[in-house]
Amino acid sequence: MVLKSKKAYTIFIVPAAILILTFLIYPLIKTFWYSFTSWKNFSPKAAWAGLENYSRLIADPIISKSIRNTFVMMFFVVIFQVGFALVLAMFVSTTRKTFKFFRTVYFFPIVISATAIGLMFKLIYGYEYGLLNYIVELFGGERQVWINEATSIYLVTIPTMWQYVGFYFVIYLTGMSKIPDEIYESAELDGINAWQKAVYITIPMIRDVICSVVILVISGCFKVFDMVYIITEGGPMNSSELLSTYMYNMAFRRYNGGYASSIAVLMIVIGVALTLVLRKILEPKENYS
């Protein structure tokens, strides 16, 4: 049955619009407002502070460290999640009999809570009873303090990369399934090898999927919180601090809601700017000539 009445459309649109306005747009507006105030201890009143919070952002060394850590994580996550997931998808797409099995296995980490994964890796990195130190001692080595100022950001990046590989792997598989088999069959008759098939057929035909995955991966780096917070809480000495963890600490440990709101605004600005730039760079140009 085709719904032609505007009232019918309104019945479905209004509830969704109310939810978006209530839980997305309104909080965003309030966050932007609080970023210009001196709002502390969750007081019912917030004093106007102008650009004070943003001036503090510029001078805050932890902010610059958090941004650097975010981009370090982004670099490794893009290489591993985008690249490795693509390679996995290419291998699995050729194995029709075990296709469903591998898809389930690689997707499984997404089902597990990030908090649970973070706790698992915290136990792995532990000094006293950690799995890594157990293996080191098993081969005659000495225990190591794995999480330190030099290594913390890299160690929290590992579980972040691992958890979402399966998610992007499934996206790639879905894109590859749309490529007609006739194209591959024709190429094989022409004597094309597996490498040429990947480079000249598969990758060009799923370019839009790859672009979407890159944008999802990079924007997702700004939402990483629970994994890092469980493993290191942004430490030691803020060495693994991200904008998300620093914002949480300012809001719920130091009770400085105004400054935390300015950090949230900074995250939104950087995330939106990166997404727009990436879309401009990665999306294929349409030629109408």
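Presented here is an overview of the structure given in this document. As the structure is a prediction and not an experimental result, all values here were calculated from the model. Going along each chain's sequence as written, the residues are numbered from 1 onward. pLDDT decides what is reported in this predicted model: residues at 70 or higher carry local features, side-chain atom pairs at 80 or more are listed and counted, and totals for whole chains, interfaces and linings draw on all residues regardless. Each side-chain value is derived from all of the structure's non-hydrogen atoms; neither hydrogens nor water enter the calculation.

1. Notes on the overall build of the chain
Then, number 1: Helix and strand counts for the chain stand at 13 helices and two strands.
Then, number 2: Dimensions of the chain, computed from the C-alpha atoms along their principal axes, are close to 75 × 70 × 40 Å.
Then, number 3: When each of the 289 residues of the chain is scored for burial, the buried share is 38%.
Then, number 4: What makes two residues a contact is simply this: any of their non-hydrogen atoms within 4.5 Å. A separation threshold of at least 6 residues defines the contact pool for the chain, and within that pool the share at least 24 residues apart is 69%.
Then, number 5: Surface accessibility in these figures is a Shrake-Rupley result with a 1.4 Å probe; residues are shielded only by whichever protein chains are displayed. For the chain, the computed accessible surface area is about 18,000 Å², with 69% contributed by carbon and sulfur atoms. Numbering of helices and strands runs from the N terminus; a helix is a DSSP stretch of H or I covering at least four residues, while a strand is a stretch of E covering at least two. Relative accessibility under 20% of the residue-type maximum defines a buried residue, over 50% an exposed one, and the middle range a partly exposed one, all with a 1.4 Å probe and only protein chains included.

2. A few points about the layout of surface pockets
Then, number 1: Volume-wise, the largest pocket comes out at about 540 Å³.
Then, number 2: A cavity, in this analysis, means grid points on a 1 Å lattice covering only the protein atoms where a 1.4 Å probe fits yet has no way out; a pocket is instead an open set bounded by protein on both sides within 12 Å along at least five of seven lines, and a residue lines either one if it has an atom within 4 Å of a point. Taken together, 22 residues form the lining of the largest pocket, with M90, S93, T94, K197 and T202 sitting closest to its centre.
Then, number 3: Secondary structure elements with two or more residues in the lining of the largest pocket: α3 (61–93), α7 (152–177), α8 (181–189) and α9 (194–205).
Then, number 4: Element by element, the count of residues in the lining of the largest pocket is highest for α9, at seven residues.
Then, number 5: Any residue outside Ala, Val, Leu, Ile, Met, Phe, Trp, Tyr, Cys, Pro, Asp, Glu, Lys and Arg is labelled polar, Gly included; the first ten of those are nonpolar and the last four are charged. Considering only residue class, the lining of the largest pocket consists of 14 nonpolar, four polar and four charged. Grid points are joined across faces, edges and corners, and a volume is the space filled by probe spheres set on the points.

3. Overview of a nonpolar patch on the surface
Then, number 1: Taken together, the side chains of I20, L21, L24, I25, L28, I29, I268, V272 and L276 present a nonpolar region at the surface, about 790 Å² in accessible area.
Then, number 2: Elements with a minimum of two residues in the nonpolar patch: α1 (6–34) and α13 (257–282).
Then, number 3: The dominant element in the nonpolar patch, judged by the number of residues it contributes, is α1, at six residues.
Then, number 4: With respect to the helices and strands, I268 occurs in helix α13. Like-charged residues within 9 Å of one another, or nonpolar side chains (Val, Leu, Ile, Met, Phe, Trp, Tyr) within 5 Å, are grouped into patches, provided each residue has over 30% relative accessible area and no salt bridge. The term salt bridge refers to a pairing of a side-chain nitrogen on Lys or Arg with a carboxyl oxygen on Asp or Glu at a separation within 4 Å.

4. A look at empty space enclosed by the protein
Then, number 1: Taken as a whole and judged by the stated rule, the model has one cavity of 30 Å³ or more.
Then, number 2: Its volume calculated, the largest cavity comes out at about 30 Å³.
Then, number 3: Counted by class, the lining of the largest cavity contains six nonpolar, two polar and no charged residues.

5. Brief notes about the nonpolar core
Soluble globular proteins tend to pack their nonpolar side chains together in the buried interior.
Then, number 1: Counting 63 residues, the largest nonpolar core has M73, F169, Y172, I206 and I263 as the members making the most contacts within it.
Then, number 2: Tallying contributions element by element places α3 first for this core, with 13 residues.
Then, number 3: Dropping the residues within four chain positions of it, I263 is found in contact with L57, I63, L243, Y246, M247 and M250. We call a set of buried Ala, Val, Leu, Ile, Met, Phe, Trp, Tyr and Cys residues a nonpolar core when their side-chain atoms join them within 4.5 Å.

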